[in-house]
Amino acid sequence: MAYNIHVNGVLHCRVRYSQLLGLHEQLKKEYGNNVVPAFPPKKLFTLTPAEVEQRREQLEKYMQAVRQDPMLGASETFNSFLRKAQQETQQIPTEEVHLDIYLSNRQKVKVNILTSDQTEDVLEAVASKLDLPDDLVGYFSLFLIREGKDGGCTFVRKMQEFELPFVSVTSLRNPEYRIVLRKSYWDSAYDNDVMDNRVGLNLLYAQTVSDIERGWILVNKEQHRQLKSLQEKGSKKEFIRLAQTLKYFGYIKFDPCITDFPEKGCHVIVSAGNNELNFHVKLPNDQIKEGSFKVTRMRCWRVTSSQVPVVNGTANSGTSGKSDIKLELAFEYLMSKDRLQWVTVTSPQAIMMSICLQSMVDELMVKKSGGSIKKDSPDSNREPVVKLSSKLTSVTLRGISTSNSANDISGNNIHGNYAFEGIGDDDL
């Protein structure tokens, strides 16, 4: 009996009970019985189908409990287990390879890495190739994107520390997927640190030009003329300074999806930036409404994943039927004093939206504690806060030999928001 581990709605690796038991023993050895959650016990006899499903549920809860623990979830033991299992599942041997990392202007940077190199190793290899100083590496991240045939791009997720970028992108077996280097912070005040360096300035400039070209940043005719003039002069800093004043500078725009706000079934375009989720909602009467949900007013949020059967005109049952994974992001929002309301977005990019919210909260907390996002910051408060953003958003286990029931994938994790502020009507 083996189990598929889905991380953030995507198959990450396949493991056996004995491997998970080995991880449990290792965690107990390092952190003690009091910290590590209870593990599903061994059984002497062959499991019945009901017991197989019960064990799967128990193992799923165990993995979720481990990753939700700030210490265990960020531990090298846990993350290296997932990395090794990912490599073994995809049957990719450890060897030297070339990996293409793209910049925002579609320029390709070829780095020499090992197939077993984790995200941080690959990020450092790219920074080294570009001559980006060590203290600025923390301002950037690697993102998995999917390039459409129309030139548009869909952000799939930020690469995490529990995965091997080469294995992640290779296992998709689709040339539309690529890894992109992009700034990872939200507060444009940090742009000043980056722009003081030549390489940092060029990276930020390329990203800003790209975001304007794809329509993520709103520009009117006069602003467009000013930007073009600065571009022709080669005034990159002034170009960025002007762009910073424009609407949606520094936002990530998601593909059109569905929301239940203000009513069910509304089409919406969601953007993340400036510590908020911005909604462009098309109402049933075709009227367009715009509104923003501030991250500091979200009490908590969760990502849920479920299987939706795909009907091919024939009645399929059992393992012969195909199914898609439906992802939803739901957050509880303080609409007015003493009135909280759940808002749901159904989107294949729900994971990326959740990662954006988490990193906004982390950044707010780093600033509040007087910390820095620079790499190797001596600030002792920084590490536990920043590590939170690299937690798994949703871990689910699916038994390979069990039925294709809707219960197989049931990631339902609530994230409490420690930047939530209780506010009065006057502030809304």
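Residues numbered from 1 in each chain as written. Predicted model: local features only at pLDDT ≥ 70, side-chain atom pairs only at ≥ 80, totals over all residues. Heavy atoms only, no water.

The name recorded for the chain in an unreviewed UniProt entry is Sorting nexin-17, from Acipenser ruthenus. Here the chain is described in UniProt, under the heading Sequence similarities (unreviewed entry), as follows: "Belongs to the sorting nexin family." (UniProt positions renumbered as here; feature names shortened; annotations may be inferred.)

Asker: Which residues make up helix 1 (residues 17-31), and what values do they have?
Answerer: When the terminal C-alpha atoms of helix 1 are compared, their 21 Å separation across 15 residues agrees well with the 21 Å that a helix rising 1.5 Å per residue should span. For helix 1, the full list of buried residues reads Tyr17, Leu20, Leu21, Leu23, His24 and Leu27. Along helix 1, the residues classed as buried sweep out an arc of 155 degrees about the axis, all on the same side. Directly after helix 1, the chain includes glycine 32, whose backbone phi takes a positive value near 90 degrees. (Helix = DSSP H or I, 4+ residues; strand = E, 2+ residues; numbered from the N terminus. Expected span 1.5 Å × (residues − 1). Buried < 20%, exposed > 50% of the residue type's maximum accessible area, 1.4 Å probe, protein only. Arc of directions from axis to C-beta.)

Asker: Which residues make up the packing of aromatic side chains, and what are the values?
Answerer: In the structure shown here, the tally under the stated rule is 15 aromatic pairs. Ring geometry for tyrosine 17 versus phenylalanine 39: centroids 5.4 Å apart, planes at 50 degrees, classification tilted. Placement of tyrosine 17 in helix 1 and of phenylalanine 39 in the loop between helix 1 and helix 2 (49-68) is noted, with a sequence separation of 22 residues between them. A relative accessible area of 11% means that tyrosine 17 is categorised as buried. In textbook terms, an aromatic cluster arises when at least three aromatic residues are bridged by ring pairs, as seen for Phe261, Phe279, Phe293, Phe331 and Tyr333. Over the face of the ring belonging to tryptophan 342 we find arginine 302, whose NZ or CZ atom lies 4.5 Å from the ring centre. (Phe/Tyr/Trp six-rings, centres within 6.5 Å; stacked < 30°, edge-to-face > 60°. Lys NZ or Arg CZ within 6 Å of the ring centre and 35° of its normal.)

Asker: How would you sum up unusual backbone geometry? Please name residues and give values.
Answerer: In the segment running from phenylalanine 261 into proline 262, the intervening peptide bond is cis, with an omega of 0 degrees. Inspection of the secondary structure assignment puts proline 262 in the loop between strand 9 (257-259) and strand 10 (266-273). Phi is positive for aspartate 286, close to 70 degrees, though the residue is something other than glycine. Among the structural elements, aspartate 286 can be located in the loop between strand 11 (276-282) and strand 12 (288-294).

Asker: For the layout of surface pockets, give the residues involved together with the corresponding values.
Answerer: Here the second largest pocket defines a volume of roughly 480 Å³. If you trace the second largest pocket, you find 22 residues lining it, with Val10, Val156, Tyr177, Leu327 and Pro348 closest to the centre. Elements with a minimum of two residues in the lining of the second largest pocket: strand 5 (140-147), strand 6 (153-158) and strand 14 (323-336). Here the lining of the second largest pocket gets 4 residues from one element, more than from any other, and that element is strand 6. Of the residues assigned to the lining of the second largest pocket, the class counts are 12 nonpolar, 6 polar and 4 charged. (1 Å grid on protein atoms, 1.4 Å probe; cavity = no way out; pocket = protein on both sides within 12 Å on 5 of 7 lines; lining within 4 Å. Points joined across faces, edges and corners; volume = space filled by probe spheres on them. Nonpolar A, V, L, I, M, F, W, Y, C, P; charged D, E, K, R; others polar.)

Asker: I'd like to hear about the environment of arginine 299, residue by residue, with values.
Answerer: Structurally, the position occupied by arginine 299 is in strand 13 (residues 298-309). Expressed as a C-alpha distance, the spacing of arginine 299 and tyrosine 333, which sit 34 residues apart in the sequence, is 6.1 Å. Looking at arginine 299, its side chain comes within polar contact range of the side chain of glutamate 332, at 2.6 Å. (Polar contact = N/O pair within 3.5 Å; in protein donor to acceptor, adjacent residues only side chain to side chain.)

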